[in-house]
Amino acid sequence: MNYEKLAQILFPDIDKEPSYYEEMYPARPLAEGQKVTRFAPSPTGFLHIGGLFAAFVSRLTAADGVFYLRIEDTDKKREVEDGVTGIIEGLRAFGVTFDEGVTGVDSQSGEYGPYQQSKRREIYQTFAKKLVQDGLAYPCFCTAEQLDAIRQKQESEKLNPGYYGEFATCRQLTLEQIEEKINNGETYVLRFRAPNGDKKIILDDLIKGKIEMPENNMDIVLLKSDGIPTYHFAHAVDDHLMRTTHVVRGDEWISSFPVHVQLFKACGFRVPKYAHISPIMKEDDGGKRKLSKRKDPEAAVGYYAEVGYPAQSVTEYLLTIANSNFEEWRKVNADAPQSAFPFTLKKMSQSGALFDLVKLHDVSKNVISRMTAEQVLDGVKEWAKQYDEELYELIAADEKYALGIFTIDRYNAKPRKDIGKWSDARQYVSYFYDKIFERTDALPENIDGEEAKKILNEYLGVYNEQDDKDAWFDTIKAMCEPLGYTPNVKEYKKNPEAFKGHVGDLSAVIRIAVTGRKNTPDLYSIMTLMGVERVKDRINDFMNSL
Ligand code: GLU
């Protein structure tokens, strides 16, 4: 067979050689240890938390190297509207930034583009043409019916399904037959001529370790009948020309690795390193299953913005599931930025990290507790603007007041952890705003309504908003004895029969009257911020309700 002639027949318009592109996209000037990674999504739906995780891990892997975004849009049928912008904005919201690649529907940055596969047709064809010239690829005219007949035969003979060996009938076509079919207008795909051998190959995966697999013997499709490459071929060409050093991708691709190695080698490319990420799992009915786009709302990254998890909480959580030593590190480096964590692919879970919303919530409480009051106010305000108009209006009407709320009990050794997501804020701030205030807790059991009234009346008589915290507490202590309580908790515990209760009971009643809650941050700070009018109104209203 004259392969040169075949190549000319199949690719009459391709006038470039692979060397043209090799020169156009030279090896990158990388310093020792610098890596080049990419995120290569298909714009076929919303950004999945697994996608964000993969992008995040790729970014961390190339922290000081190059991380780029390639859009794999060869399947135009499955593409969704706004798919590309959805991905870009989705990632940006979580602080995942790219050094190169697609930046918008029709824009990109970097020297190794185009970064959108639909714009690389000529490049793929140039490399495909070379494979034909080298006798490593051939056109296949088999129709769907013919392929089906092959499959049935293989099934009845209990053989592996696929286009290979003796079943690869188009391998045998002569140049004349091929020319004739093309002249007759028959469509064809371009197939790879795989070796028949039964060697073993080894994937030395950076996450999963060494995996032995049989060599590929399938004549897989390189170019579909419309000249568009399959994932396999595009992967080899793109990751080579974009000079990817580390392919970080989902582990559903492990089984394709034998094909990929062959393609890299057939094209004369150096095989990159691979890190295959296990899918994110979820506990379900005592078992573990993949997080599902259909069943689990938290699978879509939009979920987190909606319920109000700060992006920083989500990435903090992703780090905890990415590397199991992250939490230990975080304990010692409480205030360090996430980027200071020495992330490594080696410590990634081999079997699939468990995604646990309860854990995310806890992580997020910690993250938010370490934020400044201004950051919390901003987060709540931005979230409320979109999802809770009433709350937004209350906050925006007096931001100083709102800032005061988030300042209470914040800057101390043990900041409170009441807020895990911005949507928790409504409940947390509600008693500061008459409009959304609701009483949720009742009086302590040992104090009935009449008793509470007595205490509160007494308190209204002595309450002085000018008091500092010590003076305020002294006032409450001073109320104790005349009412039959003791200011001394220890004394009460020693001899509970002698008193109606202790100073804590008095402040509990005041707390309930003012906030409607048993548990709140520092009551003195709350009352100071609320102001004397509101405090007195609350107490009076409460007494009237008893
Ligand atoms: N477009 C492929 C996917 O979304 C990319 C896989 C890869 O990263 O190589 O699964």
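Residues numbered from 1 in each chain as written. Predicted model: local features only at pLDDT ≥ 70, side-chain atom pairs only at ≥ 80, totals over all residues. Heavy atoms only, no water.

Engineer: Looking at this structure, how should I read the pairing of strand β11 (residues 273-277)?
Structural biologist: Of all 5 residues in β11, 4 are buried; the element is thus mostly enclosed. Where strand β10 (residues 246-250) lies against β11, 5 bridges are found, and the strand directions are parallel. Bridge pairing in β11 places Val-247 opposite Tyr-274. One crossover worth recording links β10 to the parallel β11 by way of helix α9 (residues 257-266), and it is right-handed. (Buried < 20%, exposed > 50% of the residue type's maximum accessible area, 1.4 Å probe, protein only. Helix = DSSP H or I, 4+ residues; strand = E, 2+ residues; numbered from the N terminus. Pairing = 2+ DSSP bridges. Right-handed = clockwise from strand over helix to strand, strands pointing away.)

Engineer: What is the right way to read the packing of helix α19 (residues 469-483) against helix α21 (residues 503-515) from this model?
Structural biologist: The description of two packed helices rests on the angle between their axes and on the distance between the axes. At their nearest, the axes of α19 and α21 sit 9 Å apart, and the two run at 110° to each other. Regarding the angle of α19 to α21, the classification is roughly perpendicular. For the pair α19 and α21, the sense of crossing is right-handed. Each of Phe-473, Ile-476, Lys-477, Met-479, Cys-480 and Leu-483 in α19 lies in contact with α21, whose residues at this interface are Val-503, Leu-506 and Ile-510. Grouping the constituent residues of the contact of α19 with α21 by class yields 8 nonpolar, no polar and 1 charged. (Axes fitted to C-alpha atoms, helices over the stretch in contact; angles between N-to-C directions. Parallel < 35°, antiparallel > 145°, perpendicular 65-115°, else oblique. Left-handed = near helix turned anticlockwise from the far one by under 90°. Contact = heavy atoms within 4.5 Å. Nonpolar A, V, L, I, M, F, W, Y, C, P; charged D, E, K, R; others polar.)

Engineer: Please explain helix α14 (residues 373-387) as it appears in this structure.
Structural biologist: The α-helix winds at 3.6 residues per turn, so residues separated by three or four positions along the chain end up facing the same way. Compared with an ideal rise of 1.5 Å per residue, which puts 15 residues at 21 Å, α14 spans 21 Å between its outermost C-alpha atoms and is within 8% of the ideal. Along α14, the residues classified as buried are Ala-373, Val-376, Leu-377, Gly-379, Val-380, Lys-381, Trp-383 and Ala-384. On the buried face of α14, the contacting elements are α10 (302-307), α13 (357-369), α15 (389-397), α16 (399-407) and α17 (425-429). (Expected span 1.5 Å × (residues − 1).)

Engineer: Which parts of the structure should I look at to understand the sheet that holds strand β5 (residues 137-140)?
Structural biologist: Sheet strands pair via backbone hydrogen bonds, and the direction of the pair is either parallel or antiparallel. Across the sheet, which stays open at both edges, the 3 strands sit in the order β5-β6-β9 with antiparallel pairing between neighbours. The open sheet is flanked by β5 and β9 (221-223), the only strands paired with a single partner. Along the sheet, successive strands turn relative to each other by an average axial angle of 45°, direction set aside. The pairing of β5 with strand β6 (residues 189-192) spans 4 bridges and is classified as antiparallel. Within β6, the position partnered with Ala-137 by the bridge is Phe-192.

Engineer: Can you walk me through the sheet that holds strand β3 (residues 100-104) in this structure?
Structural biologist: Read from one edge to the other, the open sheet built from 4 strands follows the order β1-β2-β3-β4, with strand pairing classed as mixed. The sheet terminates laterally at β1 (36-39) and β4 (107-109), the two strands that pair on one side only. Along the sheet, successive strands turn relative to each other by an average axial angle of 30°, direction set aside. Sheet contacts for helix α4 (residues 83-93): β1, β2 (66-69) and β3; angle to β3, the most-contacted strand, approximately 110°.

Engineer: What am I meant to see in the site of the ligand here?
Structural biologist: Every residue near the ligand is listed here: Arg-38, Ala-40, Ser-42, Glu-72, Tyr-231, Arg-249 and Trp-253. At 2.8 Å, a backbone N or O of Ala-40 approaches a nitrogen atom of the ligand. A distance of 2.7 Å separates a nitrogen atom of the ligand from a polar atom in the side chain of Glu-72. If the ligand stood free it would expose 300 Å²; the protein chains cover 80% of that surface. Of the residues belonging to the shell around the ligand, the class tally is 3 nonpolar, 1 polar and 3 charged. (Near = heavy atom within 4 Å. Polar contact = N/O pair within 3.5 Å; in protein donor to acceptor, adjacent residues only side chain to side chain. Areas by Shrake-Rupley, 256 points an atom, 1.4 Å probe, with all protein chains shown as cover.)

Engineer: What should I look at first to understand the pattern of salt bridges in this one?
Structural biologist: A side chain of one charge can pair with a side chain of the opposite charge if their charged atoms are brought near each other. This model, assessed by the stated rule, comprises 43 salt bridges. Here Lys-435 ties to Glu-390 by a salt bridge, and the two come within 3.8 Å at their closest N and O atoms. One end of the pair, Lys-435, is in the loop between α17 and α18 (449-462); the other, Glu-390, is in helix α15, with 45 residues separating them in the sequence. We classify Lys-435 as exposed; its relative accessible area is 59%. Within this structure, Arg-38, Arg-70, Glu-72, Arg-120, Asp-238 and Asp-239 form a network of salt bridges that share partners. (Salt bridge = Lys/Arg side-chain N within 4 Å of Asp/Glu carboxyl O.)

Engineer: Can you help me understand the packing of helix α3 (residues 49-61) against helix α11 (residues 311-322) in this one?
Structural biologist: Between α3 and α11, the least distance of the axes is 11 Å, while the angle of their chain directions is 75°. By the angle class used here, α3 and α11 are roughly perpendicular. Contact residues: Ile-49, Leu-52, Phe-53, Phe-56 and Leu-60 in α3; Val-314, Thr-315, Leu-318, Leu-319, Ile-321 and Ala-322 in α11. Looking at the contact of α3 with α11 residue by residue, the class counts come to 10 nonpolar, 1 polar and no charged.

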